[in-house]
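Inside the fold
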Amino acid sequence: MSAPALRRALTTRRIGWTAAALAALMCAVVLSLAVGARPVPPAEVWGALFHGASSPDAEVIRTLRVPRTLIALMVGAALALAGTVLQGITRNLIADPGILGISQGAGVAVVCAIAFAGVHTLTGYVWFAFAGAAVASVAVYAVASRGRGGATPVKLALGGAAINALLVSVTVAVLTTKASTLDEFRFWQVGSVAGEQNAQVIHQIWPFLLVGAVLVVCVARGLDALALGEDVAKGLGQNVAAVRIVGGLGATVLTGAGVAAAGPIAFIGLAVPHIVRAVVGNDHRWVLPMAALTGPVMLLVADVVGRVVVPPGEVPAGVMTALIGVPFLVVLVRRKAVAA
């Protein structure tokens, strides 16, 4: 098959997978709106959204489930994009906001804000989360860049693990000495898209998510070049330092906003980029949009499963994504070990 024919076939495949991701996202949204402690028929969901139905079920959908679904859409896309760009700029296939300590950095900052600064609203959380995520990012890179070879992928992973362990210890220490903080923090810590203030949260975080998404999309070509190695990327005219700074800033903004809104939800940033690259290849101009579609699907499905697995209670979405993500990480490590 000729090169143009191969390119057309690859483009057709990518378009097909993108359409499938859109269909999966729509199905996940419908499930999120219809499934819960009280199942609602799809016809009732349609009436609540588009015909102004006034039944109790319609009010539940509009006031609780629609904001919850929108939060899952936004946070899922943010974490997936952040994980994709972090794997690109570090050239480390196990990089994600959780493993590199960025999520935990945002979490520590939120704990300190609650315990010592008297902050109890998302408007206050989000700025502390940004600061914590940024400090953790710089700390991990500073630790990994020392010694021969600079910040290699292995050193970044090890540095992230070390910083993550330190930040977990700080969190435990603060909660131990400030018991009054525990009640407010414990539900947020496990990661959840449920909450009575979700409508307010949406209005407060969407500008940050938009800025972060624009930043990571701007470095798509740079990430493709960087995947070939720093020397090759420089030879192709890419400013490697600028790609890493802009991409890292975008990942920090996305992670900070996502963690402030829903807590440190794990494994979406790790798993989604691998799933996406398996179906559309390594071109980040396709990988990033597909990650923005696939991340919300994963988080919405996890949230829906968490609602029905132990009725009438709920398992937070962060717990469900961890249950999904741990086996995925084990399989990934085994595959890499076999390949080596």
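Within each chain, residues carry numbers counting from 1 in the order of the written sequence. Whole-chain, interface and lining totals are the exception, using all residues; otherwise, since this is a predicted model, local features are given only for residues with pLDDT of at least 70 and side-chain atom pairs are given and counted only at 80 or more. With hydrogens and water excluded, all non-hydrogen atoms of the structure serve as input to the side-chain values.

1. What to know about helix H2 (residues 42-50)
Only protein chains enter the accessibility calculation, which uses a 1.4 Å probe; a residue is then buried when its area is under 20% of its type maximum, exposed when over 50%, and partly exposed in between. Numbering of helices and strands runs from the N terminus; a helix is a DSSP stretch of H or I covering at least four residues, while a strand is a stretch of E covering at least two. Among the residues of H2, those classed as buried are Val45, Gly47 and Ala48. Seen along its axis, H2 keeps its buried residues to an arc of 165 degrees; they face one direction. Set apart from the buried face of H2 by more than 90 degrees, the exposed residues are Pro42, Ala43, Trp46 and Phe50. As for H2, its buried residues are in contact with helix H1 (3-34) and helix H3 (56-90). Just downstream of H2, Gly52 is the residue with a positive phi angle, here 65 degrees. The reported arc concerns the directions from the helix axis to the C-beta atoms and nothing else. Residue contacts are counted whenever heavy atoms from the two residues lie within 4.5 Å of one another.

2. With respect to the pattern of salt bridges
Only one rule defines a salt bridge in this text: a Lys or Arg side-chain nitrogen within 4 Å of an Asp or Glu carboxyl oxygen. Scanning the model with the defined rule gives seven salt bridges in all. In this structure, Arg68 engages Asp303 in a salt bridge whose closest nitrogen and oxygen atoms are separated by 2.8 Å. Of this pair, Arg68 sits in helix H3 while Asp303 sits in helix H13 (residues 284-308), and the two are 235 residues apart along the sequence. By relative accessible area, which is 1% here, Asp303 ends up buried.

3. Concerning the confidence of the model for the protein chain
Per residue, pLDDT measures the predictor's confidence, with a range of 0 to 100. In this model, the protein chain carries an average pLDDT of 84, and 91% of its residues clear a pLDDT of 70 or more. When mean pLDDT is taken per element in the protein chain, H13 scores highest with 93 and helix H7 (residues 179-190) scores lowest with 66.

4. Topic: the nonpolar core
Generally speaking, a soluble globular protein has its nonpolar side chains buried in company with each other. Each nonpolar core is a collection of buried residues, namely Ala, Val, Leu, Ile, Met, Phe, Trp, Tyr and Cys, held together in the definition by side-chain atoms within 4.5 Å. The biggest cluster of nonpolar side chains holds 68 residues, and the ones touching the most others in it are Val75, Ile265, Ile268 and Leu299. With 12 residues, the single largest contributor to this core is H3.

5. Some thoughts on unusual backbone geometry
Unlike most non-glycine residues, Arg91 shows phi in positive territory, near 50 degrees. Checked against the element boundaries, Arg91 lands in the loop between H3 and helix H4 (102-116).

6. Concerning the packing of aromatic side chains
Only Phe, Tyr and Trp rings take part, Trp by its six-membered ring, and two of them pair if their centres are within 6.5 Å. Stacked means planes under 30 degrees apart, edge-to-face means over 60, and tilted covers everything else. Going through the model one piece at a time under the given rule, you end up with four aromatic pairs. Seen from their ring centres, Trp46 and Phe50 are 4.4 Å apart, and the 45 degrees between their planes marks the pair as tilted. Of this pair, Trp46 and Phe50 both sit in helix H2, four residues apart, which is roughly one turn of that helix. Side by side, Trp46 and Phe50 carry an identical accessibility label, which is exposed. With a centroid separation of 5.3 Å and an interplanar angle of 90 degrees, the aromatic rings of Trp127 and Phe208 are classed as edge-to-face. Residue Trp127 is found in helix H5 (residues 122-145), and its partner Phe208 is found in helix H8 (residues 198-218); the two are separated by 81 residues along the sequence. One aromatic cluster is present, formed by Trp127, Phe130 and Phe208 through successive ring pairs.

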